[in-house]
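Coordinate analysis (summary)
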Amino acid sequence: KCVAEKDAPFLQQATFLLGDATRELGDAETAARHFEAAAKLPGTSAPDAWFRLGFVRFQQNRPDDAARAFDELAKAHKDHLLNVHAGLYRGRIALGKNDLAKAENLLRQVPPDSTAGPEAVLWLARIQLKQKKFAEAANALAPAIGRYANDPVLPDLQLDPQLGSWPGDLVPGNMDLV
C-alpha cells in the first residue's frame, strides 16, 4: 500500500510493535512478517526490526533467514549497536553449520567490553575445544574469568553440572557443541 511519507514513521513503529506483540503471543511467523515489513518502511526502527527478524528466525531454527536479516542490519546500519549482538548470532549460525573458521572470525569481532562480550568468549572457547585447541581455549578463558565474574549475563552462561553442558549448547541443526 502507498503510505504518505509523513505517516511512514508511525506505521513503521506500529508495525514493529505489532511484531513484538505477536511474538509474545507465540506466533513467530506472523511476528517475522511484521518485523520485515517494519524494517522496509522509513523511520528510525529499521535496525531494531532487522534484528528482531533475525532473532525470530534464529529461534525458529531458520539460520539462513536469520543470517539474511542480520546481514541486512549490517548493510543498512553498519554502525548500529545491535550489530554487536547480530554478530554473535551470525557466529553461532556459522558454528551450527560447522563453519568453524567463519564462526571464530565473527565472534572475534564482538568487542570484549560490549554486553555480548562474555557470551562471545564462551562461544569462542567452545569452538576451540571442538577443534581440540585446549591451550587456546584456556588462554581465552583465563582472563575472561576475572573480567566477567560479576557480569549479569553470567548465570545464564554457566556450566550446568547436572547436564554437563551450558544452556543453549544446541545451535541451529541441534548440533551438540562439545
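Structure first, text after, so check above.
My aim in this report is to walk through the structure given alongside it, one point at a time. (Residues numbered from 1 in each chain as written. Predicted model: local features only at pLDDT ≥ 70, side-chain atom pairs only at ≥ 80, totals over all residues. Heavy atoms only, no water.)

1. Concerning the packing of aromatic side chains
Counting across every chain of the model gives six aromatic pairs. With 5.6 Å between their ring centres and 50° between their planes, Phe51 and Phe70 make a pair best called tilted. Of this pair, Phe51 sits in helix H3 (residues 46–59) while Phe70 sits in helix H4 (residues 63–76), placing them 19 residues apart in sequence. Of the two residues, Phe51 and Phe70, both sit in the buried class. Ring plane angle 75° and centroid distance 5.8 Å describe the contact between Phe55 and Tyr89, whose orientation is recorded as edge-to-face. With Phe55 in helix H3 and Tyr89 in helix H5 (residues 82–96), this residue pair connects regions lying 34 residues apart in the sequence. What makes Tyr89 buried here is its relative accessible area of 14%. (Phe/Tyr/Trp six-rings, centres within 6.5 Å; stacked < 30°, edge-to-face > 60°. Helix = DSSP H or I, 4+ residues; strand = E, 2+ residues; numbered from the N terminus. Buried < 20%, exposed > 50% of the residue type's maximum accessible area, 1.4 Å probe, protein only.)

2. Things to note about the pattern of salt bridges
One pass over the structure, following the stated rule, counts 13 salt bridges. Across the pair Asp64 and Lys97 runs a salt bridge whose closest N-O atoms are separated by 2.2 Å. In this pair, Asp64 sits in helix H4 while Lys97 sits in the loop between H5 and helix H6 (100–108), placing the two residues 33 residues apart along the sequence. Using a relative accessible area of 46% as the deciding quantity, one classes Lys97 as partly exposed. Note that Arg92 is salt-bridged to Glu119, the shortest N-O span being 3.5 Å. Here Arg92, found in helix H5, pairs with Glu119, found in helix H7 (residues 117–130); they are 27 residues apart in sequence, far enough to count as distant. An identical accessibility class is assigned to Arg92 and Glu119; each is buried. Sharing partners across several salt bridges, the network here consists of Glu29, Arg57, Arg62, Asp65 and Arg68. (Salt bridge = Lys/Arg side-chain N within 4 Å of Asp/Glu carboxyl O.)

3. What to know about the environment of Leu124
Locating Leu124 in the fold gives a position in helix H7. Residues in contact with Leu124, not counting those within four places in the same chain, are Glu104, Leu107 and Arg108. (Contact = heavy atoms within 4.5 Å.)

4. A closer look at helix H2 (residues 28–39)
Compared with an ideal rise of 1.5 Å per residue, which puts twelve residues at 16 Å, H2 spans 16 Å between its outermost C-alpha atoms and is within 8% of the ideal. Those residues of H2 not exposed but buried are Thr30, Ala31, Ala32, His34, Phe35, Ala38 and Ala39. For H2, the elements touching its buried residues are helix H1 (8–24) and H3. (Expected span 1.5 Å × (residues − 1).)

5. A short note on the nonpolar core
In this structure, Phe51 and Phe70 are the most contacted members of the largest nonpolar core, which totals 22 residues. Of all elements in the fold, only H2, H3, H4 and H5 reach the threshold of two or more residues within this core. With seven residues, H3 is the single largest residue contributor to this core. Listed in part, the 14 residues of the second largest apolar core include Ala94, Leu95, Leu106 and Leu124. (Core = buried A, V, L, I, M, F, W, Y, C linked by side-chain atoms within 4.5 Å.)

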